[in-house]
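Secondary and tertiary structure notes
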Amino acid sequence: MSAATTTTEHTSTQDSEQEATLSTSQGTTASTDAPTVEGVTLVHLDPRDLIIGTNVRLDPQIEADKSFINSIKKRGVIQAVTAIHRTDGTYEVRLGQRRTLVARQVGRETIPVYVVPESGEADRIIDQLAENDHRAGMRDSERVKAFAQLAVLGMSAHAIAQQTASDKKQVQAALTLAKSQTVLDSLDTHAMTMEEGAVLAEFDAAGDTEAVEKLTSRLGDSQFDHLAQRLRDDAPVRAVRRARTEALREQGITVLDSQPSYYSNTDTRRFENLVKAGNEPISDDEQRACPGYAVYLDAAEVYIDATTGELIPELRRRMTTLPEGWTRPSDEATTADGDEQASATVCSSCRGALSAYPGAACEDPGAHDEVQPWEDDADADADDADEDLAYDEDEDEGDDEDEGDDEAVLGVHADGRPVYDELHHEDGRRALLVDDFVTVAYCVEAEKYGYGPRTYASSLSTTTTTKLADMDPVVREQARAERRDVRESNKAMLSAETVRRDWLTKFLTRKTLPKGAASYLAAALLAGDVHSDINRKAGEVLHELLGLKSGNLHNYGAYDRSALAEAVAKGNDGRNGVLALAYVLASVEATIDKTAWRQDRAPHQRYLAFLDSQGYALSPVEQRTRDGKKAARPAQETTSAETVTTDLATEDTGEEGTAD
């Protein structure tokens, strides 16, 4: 072996800078940075010259510890190993066999070694046990603060990750987390990953304490990411709810935090279901004068004044005839911020831009997507759901916020809410259809104030269209629950898409096909889940998942394969198998929209079952999609603005969407 070189890189400041040269029987020259102190000398030796002695740790477990290997490769051995100088002139490692083995593996020329007097066998065993047992890992908060200090010194996340042998995404998450003192303080008291902490810090920075509390209660939960995404999507609407709640309470009105269930035993009832003596209805004035008067803010899609933000009660979604003075723009759309420009709506056939609102002629009819053979009736199924609703939604006060299947997003309101429709009044006002809330009047302790339940001549069947106000309360609540389920499940599918595609992007970076992938590919291809020539939309999804450079994706609906072909040319058999899997996954992924949970499509079920088998945590609505019509509707399976994103799982009370 070559002689070790002199270095003082890892010498403690307490060590002397005096150097001495030791000669071994092997002819190895070692340098020492300190004289013998109580029989201990610090030297720098070639790790390949060291003898690994007997150790209580029989398996050094170094191969799986990539960060440990990278640290020594980048920074060398910082903490000196301990060895004895044997009578034959060789050095035998007593403490630090893992450091020595890794230093050999990564090619370090020298490592620091404390040479100590030889001790008895019992002392060796005790010392080795003590070295391995009495170790306290760094607290996560300490690690985060250290990363933050390095960032202050000018190091990028990439540089910090390289120099500390840490995962770059972990470092990025830690730097985000470090900006929130609240989350930093709770890092050591709550079991959370750096990524979870970064998400909490994101909401804490936005002042969304409500979201922080919800997410903290779900740390370590497989649904954490789904909950976080739904909270992000609902943030603008929840902010509106908070503002409206505060305004009502300033007026002295009691605002209920949760919606009372019609089926509960509480004496809190909707005023519409209560009567005075003689079965007489209770007027609005009498309701407001009642000491038990309270309101619940029920989620709804409503029209608001584009300037003031006030609700416009005369306008309702899906009105067949607009009130006098109101018109819907057809040739030119006004964006939510007031600028006159062409609308960026999307053609339902080709997903291409339209110059006006939904229903306008497509500007590029040649770009229509090739329809998958098994998705011909998807839109029809969505429309059928509207026809199945057994009530007249125009008569429903406070619940005409149902599914909104046919609504494209025209733009984004200044507060972040999506705008689904826009109307103009002849007096210059503009009305925007957005997610908002309507007040539903309740009476707390109704019996105390002399009110009783409203009686009905008979229960009405839901097989015919009926005005909601005329329904039996039980039937009415079932109808409302169905509508909320559709609306919330649609929103949950959109949120799940974001989480799912993020997971797929990471999943498809692998170098070989995972177990079970070949069987899925065979089943999907034999069943005709995907065409050999995928369409433009699927191509866009594929490029997104693989991070490929986009080509000519708008060429008459066809997918430009050049970027994928280039990736295949560069790949080996293992990686190209992953690219083939990505091709099929993207093809099916592109067909999943917000209504997929009720389409009962075998390709969707097969696809989500495969993702589930690979470790992706399906959200409840994705589980329903995977299970198809055989799956029973869970009592409450989505989070929403109206419930302040309470839960994602089926652990709830079974009262979602019911109100008295």
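Residues numbered from 1 in each chain as written. Predicted model: local features only at pLDDT ≥ 70, side-chain atom pairs only at ≥ 80, totals over all residues. Heavy atoms only, no water.

A word on the overall build of the protein chain
Helices and strands together make up the secondary structure of the protein chain, namely 19 helices and 19 strands. Within the protein chain, the proportion of its 660 residues that are buried is 47%. Summarising the internal contacts of the protein chain: among those between residues at least 6 apart in sequence, 69% fall at separations of at least 24. Total accessible area on the protein chain is roughly 32400 Å²; 48% of this is exposed by carbon and sulfur atoms. (Helix = DSSP H or I, 4+ residues; strand = E, 2+ residues; numbered from the N terminus. Buried < 20%, exposed > 50% of the residue type's maximum accessible area, 1.4 Å probe, protein only. Contact = heavy atoms within 4.5 Å. Areas by Shrake-Rupley, 256 points an atom, 1.4 Å probe, with all protein chains shown as cover.)

As for the environment of A239
Residue placement: A239 occurs in helix α10 (residues 224-250). Judged by its relative accessible area of 34%, A239 falls in the partly exposed class. Taking the C-alpha atoms as reference points, A239 and G416, 177 residues apart in sequence, are found 10.0 Å from one another.

Focus: the pattern of salt bridges
With the rule as written, the count across this model stands at 37 salt bridges. Of the charged contacts, one joins R230 and D234 as a salt bridge, the two residues approaching to 3.3 Å between their closest N and O atoms. Residue R230 and its partner D234 are both found in helix α10; the two are separated by four residues, about one turn of the helix. Side by side, R230 and D234 carry an identical accessibility label, which is buried. (Salt bridge = Lys/Arg side-chain N within 4 Å of Asp/Glu carboxyl O.)

Quick word on helix α19 (residues 620-627)
Those residues of α19 that fall on the buried side of the exposure criterion are P620, V621, E622, R624 and T625. Trailing α19 by a residue or two, G628 shows a phi angle of about 70°, which is positive.

Observations regarding the packing of helix α15 (residues 536-546) against helix α17 (residues 573-589)
One way to put it is that α15 packs onto α17 with a least axis distance of 8 Å and a crossing angle of 135°. Relative to α17, the element α15 lies oblique. Taken as a pair, α15 and α17 cross one another with a handedness that is right-handed. Two secondary-structure elements touch here, α15 through A538, V541, L542, L545 and L546 and α17 through R575, L579, A582, Y583, A586, S587 and E589. In terms of residue class, the contact of α15 with α17 is made up of nine nonpolar, one polar and two charged. (Axes fitted to C-alpha atoms, helices over the stretch in contact; angles between N-to-C directions. Parallel < 35°, antiparallel > 145°, perpendicular 65-115°, else oblique. Left-handed = near helix turned anticlockwise from the far one by under 90°. Nonpolar A, V, L, I, M, F, W, Y, C, P; charged D, E, K, R; others polar.)

Quick look at the packing of aromatic side chains
If you walk through the whole model with that rule in mind, you get six aromatic pairs. Considering the side-chain rings of F271 and Y451, the 6.0 Å spacing of their centres and the 70° angle between planes classify their relative orientation as edge-to-face. With F271 in the loop between β9 (268-270) and β10 (274-275) and Y451 in the loop between β18 (430-444) and β19 (452-453), the pair connects residues that are 180 residues apart, well separated along the chain. Judged by its relative accessible area of 15%, Y451 falls in the buried class. Seen in terms of ring centroids, Y520 and F610 are 4.6 Å apart; in terms of plane orientation they differ by 15°. Their pairing is stacked. (Phe/Tyr/Trp six-rings, centres within 6.5 Å; stacked < 30°, edge-to-face > 60°.)

Digging into the pairing of strand β6 (residues 91-95)
Burial analysis of β6 places five of its five residues in the buried class, which makes it a mostly covered element. Relative to β6, strand β4 (residues 50-52) runs parallel, the two being bridged by three bridges. Bridging across to β6, I52 finds its partner in V93. Relative to β6, strand β5 (residues 81-85) runs antiparallel, the two sharing four bridges. Of the residues in β6, the one forming a bridge with H85 is Y91. Between β5 and β6, which pair antiparallel in sequence order, lie five residues; one of them, G89, sits at a positive phi of approximately 90°. (Pairing = 2+ DSSP bridges.)

Some remarks on helix α5 (residues 157-164)
Helical geometry: 3.6 residues make up each α-helical turn, so side chains three or four residues apart lie on a common side. Those residues of α5 that fall on the buried side of the exposure criterion are A157, I160 and A161. The arc that holds every buried residue of α5, seen down its axis, measures 100°, which confines them to one face. Buried residues along α5 sit against α4 (140-152) and α6 (168-177). Of the residues one or two after α5, A165 is the one with positive phi, at around 55°. (Arc of directions from axis to C-beta.)

Overview of the confidence of the model for the protein chain
Per-residue confidence for the protein chain averages 76 on the pLDDT scale, and 72% of its residues sit at or above 70. Under a pLDDT of 50 for its full length, residues 1-36 has, in the predicted model, 81 contacts with residues more than four places off or in other chains. Below a pLDDT of 50 lies the segment residues 331-406, which in the model reaches 188 contacts outside its immediate sequence neighbourhood of four places, other chains included. (pLDDT = per-residue confidence, 0-100.)

Here we look at a nonpolar patch on the surface
Where nonpolar side chains cluster on the molecular surface, the patch consists of V56, I125 and L129 and spans about 210 Å² of accessible area. As for its placement among the helices and strands, I125 is situated in helix α3 (residues 121-133). (Patch = residues over 30% accessible without salt bridge, like charges linked within 9 Å, V, L, I, M, F, W, Y side chains within 5 Å.)

Structural notes on the nonpolar core
Considering soluble globular proteins, one finds that nonpolar side chains tend to be buried as a cluster. If you look at the biggest cluster of nonpolar residues, it comprises 42 residues, and the most contacted ones within it are Y520, L585 and Y607. No other element matches α17, which puts nine residues into this core. Other than its neighbours up to four places away in sequence, Y607 contacts R500, L504, Y520, L585, V588, E589 and I592. (Core = buried A, V, L, I, M, F, W, Y, C linked by side-chain atoms within 4.5 Å.)

What to know about the packing of α4 against α6
One can describe the packing of α4 onto α6 by two numbers: an axis separation of 9 Å at closest approach and a directional angle of 90°. Between α4 and α6, the angle falls in the class roughly perpendicular. Between α4 and α6, the contacting residues are V144, F147, A148 and A151 on the first element and V171, A174, L175 and L177 on the second. Tallied by class, residues from the contact of α4 with α6 come to eight nonpolar, no polar and no charged.

Quick notes on the environment of A191
Among the structural elements, A191 can be located in the loop between α7 (181-186) and α8 (194-205). Taking C-alpha positions, A191 is 7.2 Å from L219, a pair spaced 28 residues apart along the chain. Ignoring sequence-local partners within four residues, the contact set of A191 consists of E196 and L219.

Overview of the pairing of strand β11 (residues 293-305)
In regular strands, side chains alternate between the two faces of the sheet. Counting buried positions along β11 gives 13 out of 13 residues, so the element sits mostly inside the fold. Because side chains alternate across β11, one face comprises the buried residues Y293, V295, L297, A299, E301, Y303 and D305, and the other comprises A294, Y296, D298, A300, V302 and I304, equally buried. In this sheet, β11 lies alongside strand β8 (residues 254-255) in parallel orientation, the contact comprising two bridges. Looking at β11, one finds that V255 is bridged to V295. Two elements, β11 and β18, share 13 bridges in a ladder whose sense is antiparallel. Residue L297 lies in a different strand from β18, and its bridge partner there is T439.

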